[in-house]
Every structure is written in C-alpha cells, then in structure tokens.
Amino acid sequence: MWRQVCVWPLALTLCGLVAQAQTQNAQLPQAPVPNTLKLPRGIEVQRATPGALPLSLDDAIARGEKYNLQMLLVIQNERMVHGQVLTVENSLLPSLTAKGNLEAEQIDLAALGFKPASLAAFGIDPATFPIIVKVNTAEAQISMNQQLFNLPAYYLYRSAQKASDAAHFSTLNGLGSVTLSVGTQYLLALADAAQIENAQALEKADEVAYEQAKDSHDAGVGTNLDMLRARVQLQTQQQAVISDENAFAKDKIALNRLIGLPADQEITLTDTAPYAEFAELPLADAMKLAFQRRKDLLSLQSQLDVATRTQKAVKTERLPTLAFDGDYGVLGVIGGLYHGVFSATGKLSVPVFEEGQLRGEGEVAAAQVIALRQQIESLRVSIEWQIRAAMLDVQSSHELVSVARSNVDLATQEVQDASDRFRAGVDDNLPVVQAQAELAAAQSRLVQTLYQYNQSKLTLARNTGVVETQYKVYLGR
C-alpha cells in the first residue's frame, strides 16, 4: 500500500536529478519597453540596447549567475527536487478530504419487479401507492487517512530531505562553473584588447620607420630595399591588427553568450587585466579547504546519504504497516430528516509472497551505495591532483610573466638602439625590422602569460571550491 503512496524508486531518482509590454497615453510620455523579448514557450532573450554597454568583471559574473543557461537549468532542477520532496513528505501527513453531494433520483418500482397488486393482501389500495418514486438526497462528508506505522515511508522521507541538499549543492557547483567560465572569457577578452593596443602601437612605429626609409630613398641616401623591407613590415603589422581585432570581436560575442546578452550587443570592458602576487597556499591547507568547500564532493556525499537511507527503507519493507481510514458525514432526504453516518477502518498490511521483489530492490539500493562511495573516493583523489596541477600552473605562469616583462623591456631597448643607428645612417633598417618583430613577439608572450597567470589562479580557486565567493581575492582585485 505504501509503495502506491510513496513510490520508493522516486527517492532513488532524486539523487540522480526562464512580456513584452508597452503603454501609450496622449498626456504622458511613452512607457519604457522591457529589455527582453518573449518567444514562444515562455523563452525570454535579452535585446540589444543602443550604444556600448559598460561591463566590469563583477557585472559580467553577476549577469552570468542570473542569465547563464547552465544556472537556469540547475535552479529548475533544484525546484523539481524540492517538489518531489514535498510529494514524499505528504505521504506521512494526515490526508483530510471534504466533499458534498446532491443527488436527484427517479426510480421505476415496476421495472424493479414490484407489483402494486400484491399490496391488497396487506389492506393497502394499490391505486394509492406510486409506481414512480422520486428521491432527492443531500450528503456532506469528511474523510481522513493516516499512516500510523510505516518505517519505509519514514526513511524515504529522510532520504528525500538529503536529496534536496544534494540538489542545492549541485546549484552551487553550477554557480562555480559559471563564475570560472565567465571570468576566464572576460580575461581572454582583456588579453585580446591588450594585443590590439600593442599591435596598433607597433603599427604606428612601423609607419614611422617606413616614412623614414621612404624619405631616405627619395633623398638619395637610402636604398630601395630598405623602403620595401619597411613597407612589408608595416603591412605585416597591419595584418596583425586586423587579426587581433577579429579575435577580440569573436571573444566578446562568446562573452555575451555566457552572460545572456544578444550577439549584436556592443560591450565596453571597463576593467584592465589584473596582476597581483599570489600568496603561496600550502597544499595541506588547500586540500582541507577543498574537502570542506567543493560542492561536487558535498553533493556526492549528500547523494550517499540519500542512497543509505533508501537502503534502510528497502530493508524495512518486510515489516508490517498500519494505517487508518475513516469518514464522518450526514445523509438524508432534502427537506427531511438528516442523520450522521460514519466508518472507521484500520489496515494492517504484511508482505507475504514478495521476497523476489524485495531482494531485487535491496540489490539496487546496495549497488547504488557502493557506487557512490567509490565515486567519492575517486573524486577525493582527483581533487588532490587538480590542486597540485593548478598550483604548478600558478607558479610557472608567475615566473613566465616576470621573464616576459624583462623580455619586453629588452626588446624595446633593442628597437630604440636599432632605430637610432638607422636614423644616424650607421646601418640599414634590417635590424630595426628584426627588433620590431622581436618586440611584437615579446609583447604577445607577455599578454598571453599574464592571461595564463590570472586564469590559473581562477582555476585554483575553482579547484578549492571558493571561486564563486573569493575570485576577487585570488585575482588581487
């Protein structure tokens, strides 16, 4: 009986499991149009706004938390699990139902076999007895049923409570994933913007070098080879600017996608690429923090609690269950006499020939408990190598940033020296072109290593389970 009410496989499933309006008035200004477009089936998408939208890293992450599809899905999944928990909980609460009936009925006594002539034997005139009888009745009734003793239902309710915790941890885990994805994409867009600035500065320098070579050639003191070499370098740098601008535009579209903005929405990144020394975090402290804060680990542990309590519910299926059903009401002919009516039933259910089904359910529950324990142990091992790898990335990328900065300074000085020699007529412009190429490569490596450094710090924050709350601390903002 309790399986029909509670359905214990529901508890097993629990651990596996987003208008346009406008008013016008001749006396009033037009009301603003909401910045959403409602599509069929209730889907809403943001519409582009005129001009560029200023967007900081904090704004981008906040929008991602609100509009990212992954977050919307995990939030709805948590709502679904909460609804299922309420369904299981309701099976343990008293069920009280009130109803009322009005009934009009016309009965043909002759069709039922009654013969009026038979009344003569009792001294009743058959002509005075109606053959067609009309009966109008009214009834009001209250019914109640209650599980008095049902251990399987109780354990299922306790497991459903843990399923709600598991769903909540899954939502928080999705929040961390969105924070990492949006933060990484924002940093990548900032790196693209820095590449464009460097490429444009080199383009201006190459343009100056080309004009100098052209003037020297026109004055008869320079060679045609110097002018051609400078023009090739200028056009090569122009190609780099075009390529960097294209990459920047595409990465901004990808960022728009992550935070729920339309692809044609122009955005302006208001932050700059952060750089801050990251205080060394001991491995033991990082591991301890991760075991306490990793939402995927906490979710698995909650799922294990669900499976363990479900296993208890399966083991108690062999016990009898006791339930009570009862109702009380009044019934009578309309306009006549009413009288109370009631019933009370106690139900004792004992499983007899269900051993095969009970053993099968027990095997399923036991297998799920073992599988979840194995997943937890595997994840704990994975957390250690994830943190170790992230720490190595943070350390190496920090050293790479230091070397890349030194290379940019040296390459800048090399360009300056080669340019001075060319302007003084001591040398041709080949060293200048070579130095410009080396400077471009050094600047590109600096931007890339700075992005890798910040991204590795975000990854470390994600691997320790605190990225959604402490990403600013890790980035040094």
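Rules and cut-offs
Counting from 1, residues in each chain are numbered in the order their sequence is written. At least 70 in pLDDT is required for a residue's local features to be given in this predicted model, at least 80 for side-chain atom pairs to be given and counted, and no such filter applies to totals for whole chains, interfaces and linings, which use all residues. Working from all heavy atoms in the structure, the side-chain values ignore hydrogens and water. Whenever a helix is involved, its axis is fitted only over the stretch in contact; in every case the axis is a line through C-alpha atoms, and angles between N-to-C directions fall within 0 to 180 degrees. Secondary structure elements are defined from DSSP: runs of H or I of at least 4 residues count as helices, runs of E of at least 2 residues count as strands, and each element is numbered from the N terminus. Angular relationships are summarised with four words: roughly parallel below 35 degrees, roughly antiparallel beyond 145, roughly perpendicular across 65 to 115, and oblique for the angles in between. Note on convention: the crossing is left-handed when the near helix lies turned anticlockwise from the far helix by less than a right angle, right-handed when the turn is clockwise. Residue polarity is assigned by list, with Asp, Glu, Lys and Arg as charged and Ala, Val, Leu, Ile, Met, Phe, Trp, Tyr, Cys and Pro as nonpolar; anything else, Gly included, falls into the polar class. Note on scores: pLDDT gives the predictor's confidence for each residue, bounded by 0 and 100. Whether two residues are in contact is decided by their heavy atoms: any pair within 4.5 Å suffices. Basic side-chain nitrogens of Lys or Arg form a salt bridge, by our definition, when they fall within 4 Å of a carboxyl oxygen of Asp or Glu. The rule is simple: take the accessible area with a 1.4 Å probe, protein chains only, and divide by the maximum for that residue type; under 20% is buried, over 50% is exposed, in between is partly exposed. Note on pairing: two strands pair once DSSP finds at least 2 bridges between them. Definition used in this section: a nonpolar core is a set of buried Ala, Val, Leu, Ile, Met, Phe, Trp, Tyr and Cys residues joined via side-chain atoms within 4.5 Å.

### Points about the packing of helix 9 (residues 355–423) against helix 10 (residues 430–463)
Two elements in contact, helix 9 and helix 10, have axes whose closest approach is 7 Å; the angle formed by their N-to-C orientations is 160°. By the angle between their axes, helix 9 is roughly antiparallel relative to helix 10. For the crossing formed where helix 9 meets helix 10, the hand is left-handed. A class-by-class count of the residues in the contact of helix 9 with helix 10 yields 22 nonpolar, 12 polar and 6 charged.

### Re the confidence of the model for the protein chain
For the protein chain, per-residue confidence averages 83 on the pLDDT scale, and 90% of positions sit at 70 or higher. The weakest mean pLDDT in the protein chain belongs to helix 1 (residues 2–6) at 37; the strongest belongs to helix 7 (residues 283–293) at 93. Confidence drops under a pLDDT of 50 for residues 1–40, and excluding neighbours within four residues, the segment shows 80 contacts in the predicted structure.

### Considerations on the pattern of salt bridges
Considering all chains together, one arrives at 11 salt bridges under this definition. The partner of Asp305 in a salt bridge is Lys162, with the nearest N and O atoms 3.9 Å apart. Note that Asp305 is positioned in helix 8 (residues 295–315) and Lys162 in helix 5 (residues 151–218), a separation of 143 residues in sequence. What makes Asp305 partly exposed here is its relative accessible area of 30%. Close ionic contact of Glu266 with Lys252 constitutes a salt bridge, the shortest N to O distance being 2.7 Å. Taken as a pair, Glu266 in the loop between helix 6 (224–258) and strand 6 (267–269) and Lys252 in helix 6 lie far apart in primary sequence, 14 residues in all. Residue classification places Glu266 among the partly exposed positions, given a relative accessible area of 40%.

### Considering the pairing of strand 5 (residues 132–149)
Pairing geometry for strand 4 (residues 95–108) and strand 5, over 14 bridges, is antiparallel. The partner of Thr97 across the bridge, within strand 5, is Ser143. Where strand 5 lies against strand 7 (residues 321–333), 12 bridges are found, and the strand directions are antiparallel. In the sheet register, Asn145 faces strand 7, and the bridge partner there is Asp325.

### Concerning the sheet that holds strand 4
Taken together, the 4 strands give an open sheet; going across it, the order is 4-5-7-8, and neighbouring strands pair in antiparallel fashion. A single partner strand is all that each edge strand has here, and the edge strands are strand 4 and strand 8 (338–349). Pairs of neighbouring strands in the sheet enclose a mean axial angle of 20°, with direction left out of account. Taken together, the 12 bridges between strand 7 and strand 8 define a ladder with antiparallel strand orientation. Note that in strand 8 the partner of Asp327 across the bridge is Ser343.

### So, the nonpolar core
By size, the foremost hydrophobic cluster in this structure holds 68 residues, and its most contacted members are Tyr186, Leu255, Leu269 and Ile387. Among the elements that line this core, the one with the most residues is helix 9, at 16 residues. In this structure Leu269 touches Leu55, Tyr186, Ala189, Leu190, Phe248 and Leu255, once residues within four positions along its chain are discounted. Formed by 10 residues, the second largest nonpolar core is a distinct cluster that contains Val81, Val85, Val88 and Leu156.

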